[in-house]
Amino acid sequence: MLINRPLGFPPAAHLFLYLLPALLLFSRAIADVTVVLVAIAFLIFSFKKCDWDWVKQPWFLAFLLFNAYLLVVNLPLSSDSSESLKYVLTFIRWPLFAVALSYWVFNDAKKRQCFLISLLLTMLFIIADTLWQYFFDVDWFGIERFSDTRLTGPFRSPIPGTMLLRLWFIALFAAFFIPLFKSSVLRQLTFLMVAMGSGFVFTFLTGERMALILFSSGCAIVFIAMLLEYKQYKQSLLFMLAILGITLMITLFLSPEMFERSIVSIGSKLSTFAESDYGSVFKAAWQVWQDNWWLGSGLHTYQTVCEQQQLLIDSGLMCTHPHNLYLQLGAETGVVGLCLFLFMLYLLYKKVLGALLAQRDWIKAALSFSVLTVSFWPLTGGISVLSNWVAALVWLGIAWVLAISSVDSSEPDQCLTDVNR
């Protein structure tokens, strides 16, 4: 049941909607400050309004249980309690940020439109800057490409594909919330196909294999949902797919070095996975986990423990993160912590997808599933999803799909309320 109520979002603060994507994308420090300020402002708002109903959401209560475990059990047993303490105490900012955005910021059609327009423009800027670097070896800011087959764009690190991976499937919602695209079904479908094709080309050219695999998988799920929801447009969709496939083949043919890096090397990497760099870091994480099987070594201690035990010294790799979210959580929080986190994820997926599937809103359900899954898939590349920079984008996606799950499909332009309690 949806309950309309004014949420008190100041008109002047609408500027925040236009700045939000840039605030989260271009600086790790600014992203973290933004998350903290939004969470604090939301708590103050809730206190003034005496409105705490959002706490009752099952997935949020499960997160509080997980956080309590970290504080009461995992922290005292941490191998580096001072390091774990600051992360445990601030971990709550992420779900607060997500609830604040879904409950307070993305709570009506106008705000969603403002955010999506800003997101699309910000992504276009990053894509254009990165492609400029691909063709001319330096971007608009004079940043050189990382290597012959890896691009940085404006990030100064080879992560543009990883960063935008968390945003592509949010941006695809523009087909349903921006009047230019939602005015006709053919415009919706054309936008979705062109955007997915552009995303594939961009991610392919960045040389980030895991981002490409996850993005392609998400697009496949969305395309199947499009066929389910718009059966009468099946021929048009298949024609668009054929045109898109030809375009992608031409792109692959014209970029042999990138084809070798982004496509061919995936097969060779998988065929020798145990001996690869991924296999080595997985083994190291598993060994760290074995030493503290039930309760873990302490949040954010994997790198320290790995270095102390010199687990990767023979392979010449760095003990940064295991490139696997659940191995990292297992090593740092143990079986108990991992099970609590997975329980929270189950409730989050149930909350987000339940209403959309019940309404047979296949495309929005597929997009929401993709938003969540590209972030919480076990294998990750580049930087850990527990890193505050990527985590800001992950929880932005969670906020978006929570808000979408509360939109009444029969009244798409009505205001949202608190997240479907």
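Shown above is the structure to which this text applies.
Quick caveat: nothing in here was measured; it's all calculated off a predicted structure.

The rules behind each value
- Residues numbered from 1 in each chain as written.
- Predicted model: local features only at pLDDT ≥ 70, side-chain atom pairs only at ≥ 80, totals over all residues.
- Heavy atoms only, no water.
- Helix = DSSP H or I, 4+ residues; strand = E, 2+ residues; numbered from the N terminus.
- Rg over C-alpha atoms; globule rule 2.2 N^0.38 Å.
- Buried < 20%, exposed > 50% of the residue type's maximum accessible area, 1.4 Å probe, protein only.
- Areas by Shrake-Rupley, 256 points an atom, 1.4 Å probe, with all protein chains shown as cover.
- Lys, Arg positive; Asp, Glu negative; His and termini not counted.
- Charge placed at Lys NZ, Arg CZ, Asp CG, Glu CD.
- Core = buried A, V, L, I, M, F, W, Y, C linked by side-chain atoms within 4.5 Å.
- Contact = heavy atoms within 4.5 Å.
- Expected span 1.5 Å × (residues − 1).
- 1 Å grid on protein atoms, 1.4 Å probe; cavity = no way out; pocket = protein on both sides within 12 Å on 5 of 7 lines; lining within 4 Å.
- Points joined across faces, edges and corners; volume = space filled by probe spheres on them.
- Nonpolar A, V, L, I, M, F, W, Y, C, P; charged D, E, K, R; others polar.
- Salt bridge = Lys/Arg side-chain N within 4 Å of Asp/Glu carboxyl O.

Draft legend 1. View of the overall build of the protein chain. Each helix and strand in the protein chain was counted, giving 18 helices and zero strands. Here the protein chain has a C-alpha radius of gyration of 22 Å; the compact-globule value for 421 residues is 22 Å, and the two agree. On the principal axes, the C-alpha backbone points of the protein chain span a range of 60 × 60 × 40 Å. Split into buried and exposed, the 421 residues of the protein chain put 56% on the buried side. Within the structure as shown, the protein chain displays about 18200 Å² of accessible surface, and the carbon and sulfur contribution to it stands at 68%. If the 27 positive side-chain charges of the protein chain are averaged to one point and the 26 negative ones to another, these points end up 10 Å apart.

Draft legend 2. Region of interest: the nonpolar core. Within the largest apolar cluster, 138 residues are counted, with the highest numbers of intra-cluster contacts made by Leu101, Phe106, Phe115, Trp395 and Trp400. Looking at this core element by element, the count peaks at 16 residues for helix H16 (residues 325-358). Once residues lying within four places of it in the same chain are set aside, the contact partners of phenylalanine 115 are Leu17, Leu20, Pro21, Phe106, Ile170, Leu396 and Trp400.

Draft legend 3. Quick look at helix H7 (residues 160-171). Between its terminal C-alpha atoms H7 stretches 16 Å, which fits the 16 Å expected from twelve residues at 1.5 Å a residue. Taking burial as the measure, the twelve residues of H7 include twelve buried ones, the bulk of the element. Within H7, burial applies to Pro160, Gly161, Thr162, Met163, Leu164, Leu165, Arg166, Leu167, Trp168, Phe169, Ile170 and Ala171.

Draft legend 4. Structural context of the layout of surface pockets. Estimated volume of the second largest pocket: approximately 250 Å³. When contributions to the lining of the second largest pocket are tallied by element, the ones reaching two or more residues are helix H6 (109-136), H7 and helix H10 (185-206). Element by element, the count of residues in the lining of the second largest pocket is highest for H6, at six residues. Residues that form the lining of the second largest pocket fall into these classes: eleven nonpolar, one polar and no charged.

Draft legend 5. Examining the pattern of salt bridges more closely. Here the structure, examined in full by the defined rule, presents six salt bridges. Among the salt bridges present, the one from aspartate 32 reaches arginine 93, with a minimum N-O distance of 3.0 Å. Linking aspartate 32 in helix H2 (residues 28-49) with arginine 93 in helix H5 (residues 93-105), this pair joins segments that are 61 residues apart in sequence. Grouping residues by exposure puts aspartate 32 and arginine 93 together as buried.

Draft legend 6. Quick look at empty space enclosed by the protein. A complete count under the given rule lists three cavities of 30 Å³ or more for this structure. In this structure, the second largest cavity encloses a volume near 40 Å³. Lining the second largest cavity we find Arg166, Val371, Leu372, Val374, Ser375, Phe376, Leu393, Val394, Gly397 and Ile398. Per-element tally for the lining of the second largest cavity: the top contributor is helix H17 (residues 362-376), with five residues. Class assignment for the residues of the lining of the second largest cavity results in seven nonpolar, two polar and one charged.

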